[in-house]
Amino acid sequence: MILLPGLLFILWGEPARCLAEGGGFDFYGEIRQYAVATNTVYVATEEKLYQLNHDLTLVRSVTQRGIIESGEHVYDAQFHRVTETDHWNTAFRVNVLLPFVENATLISCGVIDRGCGVCELLDLEDISSVLHRELFSVGPQRRNSSASVGFLVNMEKTRTETETYILTAIQKDKKNLDKIRCPSSETMNLHNTNNKQMGLIFSYSGDGYNTINVVDDVEFVDGFQLGSIIYLFSNLPQSNKVRLIWLEGKTSKIQTFRSLRGATLSISDGGGGSRLEASSVVPGGLPVLWSGVFSVDGGRTNTELVLFDISPDLTGDKDKDPDFCTKSSCTGRITPQPKTLKPKKVLFRQDYMTSVLAVRQKAWMIFFIGTGDGQLIKLCVDKNYHTTCPRVLYKATDDRKVLAKMHLDPVDLKHVYVPFQNQIKRVAVSNCSTYTNVQDCWSAQDPYCVWCGSKRSCTFEDDCQDSDWLSIPDDSQQKMISHKVVKDNTGQITLTIKTRVTGGSEALANFACQFSASSSQLCIMNNAPPQFPQCTCILTNSTLPTEGMHVTVKTKLGKTRLTEELKLTNCSDIVGPPTSDLCQQCIEAGCSWSTNSCSWRSPGVMEDSVCQIMASGMNISKPEISSIIPSVVSFYGKNHAVLSGNDLKDVTRVRIKAQDCNQQESPVLNNNGVNLTFHIPRTDIKGVVKVCVVLSDGSCHGNATITYRSFPSCTNIVPRSSWFSGGRKITLMGSHLEFVEGVMHSHAQQEVRPPRHNDFQNLIYDTPAAQTNGIFTSKVILKIANETSACSTRITYYPDPEFVSFTLMRIGDNVRITLQKKADKLDMTVAELSVWGVQDGQQYPCIIEAKETTNKSDFFICGIQRTPDDNFQHLMIKFGDKTVTLGPPSLVHQVMLILRILLIPCVIFVLVIICRWQKKLTDEMNNH
């Protein structure tokens, strides 16, 4: 009966360990390749090949271990996969993993240890079924090659027939050419995929064999096919260029390669100095838009997401590229320089971007961006290439790197697969349900989200049962309902309301507006009827009250009701120095701001952005920022930060702004003109934000930065116990612990213990005292600004250590003291104990030298240097925050100790007598 549960545990243990929390899957070994097809995810790691459902539940896995049977040559070695428990002597390292859906097969190619290339055709529905195995090199020969790509391409053989090939673009290992004993592929190759094509499966011979070579070292980043055009992206490290190659999918391999044309991608005026890290094509027709993550600082820290138009230019000469050619050698040729493509726009700047996935939702482009510190960021871009504020969809608890390729869940199109080193997370593309009203749903500026009138909730559009829904328009807008006030030459005032939404047919067909004010009648009777998206009200009165007029506008769109409260003001009465605040007041009143003044008439700028770039109208010295301490904080921000500079006395608040997005402002707490204190607010995104200081007129001055990093986490606690009286020194281990401002225990959360020392990986603090006498455990809680984060490990409280006695022994001029303590579970160290000998009120420090432990007691041995007397009245003992005294042994205790000492030789003497008597008795019995 015991054996059966144990066996079930073994069988079920693997899937249970692999299921990760929060929609993910943990793998054995590092991920080498992964691919997505129809409703399945395939993942090749160092140890196994996995087949998962689209929701990342395990279907099956097979080991990548096997037996190699040596042939006459190394490239003749045979590979046979074995079971988990069998003996193995090699492993299959996958470099190319391609689902061939039309053929119902999974192509898996790589290298084996102590062997060469191997390719397998696996059943797409059951990866444990090997349909074909071939000793052939497809892809790089190195075990670890992140600078090579492989993907399927279709070529039109006839008007009605196409053939599918594997295109591999390989970084050549030129440094170790002499060490490679296996047949090596060229830089670019076209391999067969089935035995109906000319040549064998996976061979690149037949059908006009040819290849493409490169002048210098090349690092391939990405590749794909759109229509008949093949796109390949690469870095050329020696010339510091990013190259794009176009190939036309012709009727044969040789014609395809000879259609070679190319361009250089440049994000700087010099055309160089950048490196492509990851890429993704934007779905849609012409023009062909493509996004790339570029590093711009020579390293991989300073990165930008850039949008290009890479529509192929097929007007130039074929096979005349200076870096790539179809010859065996590309040197010694005279070729024109390729055309240079410039970005349409730099969409986003963020440190450590490592991957990108572009999708379309209606007229919007949506970019999912992975970072080197474990973030998944969503960036929405409208048809005019205006970006909304980036949102963090996922943050890893540690700074794990997101790998270079992300995919969209092909089944529901509502989740993104985010790969890490040994884990894939399935993250929702949007959190629409978190927005509880129509205004918040719209303000999220998320193309995935609609306000469903029938459900009265924010959902995905396909989750709304009817066409009664509202969403954001095709272009980015700041307000859901805007208004404009115009006064014509006759003095007639017209109020125009415009709804900045799009919606389903039912919502738009039922559009109506209602204007009301405290006066009896606001609008004249013959107003034009409402016509989506705007309503018009011609005021009955051609003058507005001096104090302004409060107007309520109620808008109906299907079952959804919108209410907007306005205050109409005489535009010509909004006067004063042309400051940012005055401009903002003018715009909010529905007036026009032009030539530094507010007026009724157009043309005028009707956007808030014009107000943000205005200079201050105050006649004072402009503040300057010299430093902010600290300038690096966690997601949670920092209380009481110090900003230093010049002329700060008139500063009222500190403005913090990221990526031209929603800004946060923090009030000034203390200000002496040179230094001021303020709270750095929390954020949801890591990276660098800009800081300026705001004057009373709304103008902002100075230029400083704050860097947001991950929040702290602790993974271990040493020691894991404390005595009741508290004050024990505890070391927390984890990451980003330098941001911790205090430590609390769950039993005494009102007491915040400041760190004695903290850096990135370690934090030292003293425990608070217990509030009960019984043994208990307490949760350790980190305090960061106004947030808290609990450690995964608890601390156990035990009674204070009990010291029972001490003995003295003079050794020359020094006195040696042995201090006895009852054994406990505290595991006290010599560093945690301080001892003094006390005589006539004077304290003599006793230096702890060692600790000895028995089953029932701990003995601490210490020494007092050069003391004239050893007749100490008592010992003073300190541990943590507590100090106790221990007097000399009582007379009875001393007598008992003397008796114990005297008893030892007596026992030995008695034992010797017994042994001699027994020996004598034995001898006498032997004589008889």
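What counts and what doesn't
- Residues numbered from 1 in each chain as written.
- Predicted model: local features only at pLDDT ≥ 70, side-chain atom pairs only at ≥ 80, totals over all residues.
- Heavy atoms only, no water.
- Salt bridge = Lys/Arg side-chain N within 4 Å of Asp/Glu carboxyl O.
- Helix = DSSP H or I, 4+ residues; strand = E, 2+ residues; numbered from the N terminus.
- Buried < 20%, exposed > 50% of the residue type's maximum accessible area, 1.4 Å probe, protein only.
- Core = buried A, V, L, I, M, F, W, Y, C linked by side-chain atoms within 4.5 Å.
- Contact = heavy atoms within 4.5 Å.
- Disulfide = S-S within 2.5 Å.
- Patch = residues over 30% accessible without salt bridge, like charges linked within 9 Å, V, L, I, M, F, W, Y side chains within 5 Å.
- Areas by Shrake-Rupley, 256 points an atom, 1.4 Å probe, with all protein chains shown as cover.

> For this particular structure, what's the right way to read the pattern of salt bridges?
Where charged atoms from two side chains of opposite charge come close, those side chains can pair. For the structure shown, the criterion picks out 38 salt bridges. The salt bridge partner of D126 is R60, with a shortest N-O separation of 3.1 Å. Here R60 lies in strand β6 (residues 58–63) and D126 lies in strand β12 (residues 126–134), a separation of 66 residues in the sequence. The exposure class of R60 is partly exposed, given its relative accessible area of 27%. Two residues, D858 and K821, come together in a salt bridge whose shortest N-O distance is 3.0 Å. Taken together, the residues D858 in strand β68 (residues 857–864) and K821 in strand β65 (residues 814–822) connect sequence positions 37 residues apart. Taken together, the shared-partner salt bridges connect K241, R243, D321 and D323 into one network.

> Even after reading the chapter, I still don't get the nonpolar core, so can you show me in this structure?
Counting residues in hydrophobic clusters, the biggest one holds 65 residues, and the most contacted among them are F368, L495 and F515. Leave out the neighbours within four places in its chain, and F368 touches S355, V356, L357, V359, L376, I377, K378, L393, M406, V416, V429 and Y448.

> Help me out: how do you make sense of the state of the cysteines in this one?
Covalently bonding the sulfur atom of one cysteine to the sulfur atom of another cysteine gives a disulfide. Considering all chains together, one arrives at eleven disulfides under this definition. Here C452 connects covalently by a disulfide to C464, the sulfurs 2.1 Å from one another. Of note, the bridge from C452 to C464 carries an S-S torsion of about 75° and is right-handed in sense. Highlighted residues: C452 in strand β34 (residues 449–452) and C464 in the loop between β35 (457–460) and β36 (469–471), separated in sequence by twelve residues. Here the two residues C452 and C464 agree in accessibility, since each one is buried. Here C586 engages in a disulfide with C598; their sulfurs sit 2.1 Å apart. An S-S torsion of about 85° defines the bridge between C586 and C598 as right-handed. Of this pair, C586 sits in helix α5 (residues 580–588) while C598 sits in strand β45 (residues 597–599), placing them twelve residues apart in sequence. Owing to a relative accessible area of 0%, C586 belongs among the buried residues under this scheme.

> What exactly am I supposed to notice about a nonpolar patch on the surface here?
Taken together, the side chains of V907, F909, V910, L911, I913 and I914 present a nonpolar region at the surface, about 550 Å² in accessible area. Examined against the element boundaries, I914 turns out to sit in helix α7 (residues 891–927).

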